[in-house]
Amino acid sequence: MHIHLLAVGSKMPGWVQDGYAEYARRMPPECRLNLVEIPLAKRAKTSAVEKLKQQEGEKLLAAVPRNSLLWALDSRGRNWSTQQLAEQLRNWLQGGQDVALMIGGPDGLAGDCLQHAAGRWSLSPLTLPHPLVRIIVAEQLYRAMSILKHHPYHK
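Residues numbered from 1 in each chain as written. Predicted model: local features only at pLDDT ≥ 70, side-chain atom pairs only at ≥ 80, totals over all residues. Heavy atoms only, no water.

Some words on the layout of surface pockets
Here comes step 1: By volume, the largest pocket is sized at about 410 Å³.
Here comes step 2: Lining the largest pocket are 22 residues, and of these Leu 73, Asp 74, Ser 75, Gly 108 and His 130 sit closest to its centre.
Here comes step 3: Counting residues per element, the ones that place at least two in the lining of the largest pocket are strand S3 (69-79), strand S5 (119-122) and helix H5 (130-148).
Here comes step 4: Ranked by residues supplied to the lining of the largest pocket, first place goes to S3 with four residues. (1 Å grid on protein atoms, 1.4 Å probe; cavity = no way out; pocket = protein on both sides within 12 Å on 5 of 7 lines; lining within 4 Å. Points joined across faces, edges and corners; volume = space filled by probe spheres on them. Helix = DSSP H or I, 4+ residues; strand = E, 2+ residues; numbered from the N terminus.)

Quick look at the structure:
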């Protein structure tokens, strides 16, 4: 199975790239983590936020690999403990289908993205910087996999 992390934003600082890469490389072969960066829509002082989100949403949905189970990272989604995430990861692995996780840009995800998603996952009720979200997601997926593999990382 592959988990495709579809994230709006590119040209991340080195610490973001390094943090994400560290946890992505730790994932086992049966659960590879793949980052797909979607460029931000061009912003100007007069840009309509909904139009920008729609443009980014269209690009996100176009990047979803065929036959992937789609989930949205959204502050109004389900809050999971690490143990609950491990169970969700187990379910995804047993389902045999690739998973695509969408991370919106600074203005969030378009309504179409939320409608197409099979579910929503909330990392926190806090608003987190979008570059940091990709590191947190990668680390939490690695931690969840460590639980499933009985690896001591989680302790």
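Considerations on the side chain of Ser 124
Here comes step 1: Mapped onto the elements of the fold, Ser 124 is located in the loop between S5 and H5.
Here comes step 2: Engagement of the side chain of Ser 124 in a polar contact is seen with the backbone nitrogen of Leu 126, the distance being 2.9 Å.
Here comes step 3: Those residues within four positions of Ser 124 in sequence are excluded, and the remaining contacts are Ser 75 and Asn 79. (Polar contact = N/O pair within 3.5 Å; in protein donor to acceptor, adjacent residues only side chain to side chain. Contact = heavy atoms within 4.5 Å.)

Some points on the sheet that holds strand S1 (residues 2-8)
Hydrogen bonds between backbone groups are what pair the strands of a sheet, and the pairing can be parallel or antiparallel.
Here comes step 1: Pairing in this open sheet of five strands is parallel, and the strands run S2-S1-S4-S3-S5 from one edge to the other. Each edge of the open sheet is held by one strand with a lone partner, namely strand S2 (32-38) and S5. Going across the sheet, the axis of each strand differs from the next one's by a mean of 35°, ignoring polarity.
Here comes step 2: By the bridge criterion, five bridges tie S1 to strand S4 (residues 99-103) in an arrangement that is parallel. The residue bridging Leu 5 from the neighbouring strand is Leu 101, located in S4.
Here comes step 3: Helix-sheet contacts for helix H1 (residues 14-26) involve S1 and S2, and the interaxial angle to S2 is about 150°. (Pairing = 2+ DSSP bridges. Axes fitted to C-alpha atoms, helices over the stretch in contact; angles between N-to-C directions.)

Concerning the nonpolar core
Here comes step 1: In this structure, Ile 3, Leu 89, Trp 92, Leu 101 and Leu 141 are the most contacted members of the largest nonpolar core, which totals 30 residues.
Here comes step 2: Elements that contribute at least two residues to this core include exactly S1, H1, S3, helix H3 (82-95), S4 and H5.
Here comes step 3: For this core, the leading source of residues is H5, giving nine residues.
Here comes step 4: Other than its neighbours up to four places away in sequence, Trp 92 contacts Met 1, Leu 69, Trp 71, Trp 80, Gln 97, Val 99, Leu 101 and Leu 141.
Here comes step 5: Formed by 13 residues, the second largest nonpolar core is a distinct cluster that contains Leu 60, Met 102, Leu 114 and Ala 117. (Core = buried A, V, L, I, M, F, W, Y, C linked by side-chain atoms within 4.5 Å. Buried < 20%, exposed > 50% of the residue type's maximum accessible area, 1.4 Å probe, protein only.)

Quick word on the pairing of S4
Here comes step 1: Along S4, five of the five residues are buried, which leaves the element largely enclosed by surrounding structure.
Here comes step 2: Side-chain alternation along S4 places Val 99, Leu 101 and Ile 103 on one buried face and Ala 100 and Met 102 on a second face that is also buried.
Here comes step 3: Note: S3 against S4, four bridges, orientation parallel. Paired with Leu 69 across the strands is Val 99, a residue of S4.
Here comes step 4: Note on the crossover from S3 through H3 to S4: the handedness is right-handed. (Right-handed = clockwise from strand over helix to strand, strands pointing away.)

Regarding the pattern of salt bridges
Here comes step 1: Taken as a whole, this structure holds nine salt bridges when the rule is applied.
Here comes step 2: With a closest N to O distance of 2.9 Å, Glu 139 and Arg 143 form a salt bridge. Of this pair, Glu 139 and Arg 143 both sit in helix H5, four residues apart, which is roughly one turn of that helix.
Here comes step 3: Overlapping salt bridges, with partners in common, bring together Glu 22, Arg 25 and Arg 26 in one network. (Salt bridge = Lys/Arg side-chain N within 4 Å of Asp/Glu carboxyl O.)

Things to note about the packing of H1 against H5
Here comes step 1: For the pair H1 and H5, the least separation of the axes is 8 Å and the interaxial angle reads 20°. One way to sum up the angle between H1 and H5 is to call them roughly parallel. Between H1 and H5 the crossing geometry is left-handed. Residues Trp 15, Val 16, Gly 19, Tyr 20, Tyr 23 and Arg 26 of H1 form the contact with H5, whose participating residues are Pro 131, Leu 132, Arg 134, Ile 135, Ala 138, Glu 139 and Tyr 142.
Here comes step 2: Of the residues assigned to the contact of H1 with H5, the class counts are nine nonpolar, one polar and three charged. (Parallel < 35°, antiparallel > 145°, perpendicular 65-115°, else oblique. Left-handed = near helix turned anticlockwise from the far one by under 90°. Nonpolar A, V, L, I, M, F, W, Y, C, P; charged D, E, K, R; others polar.)

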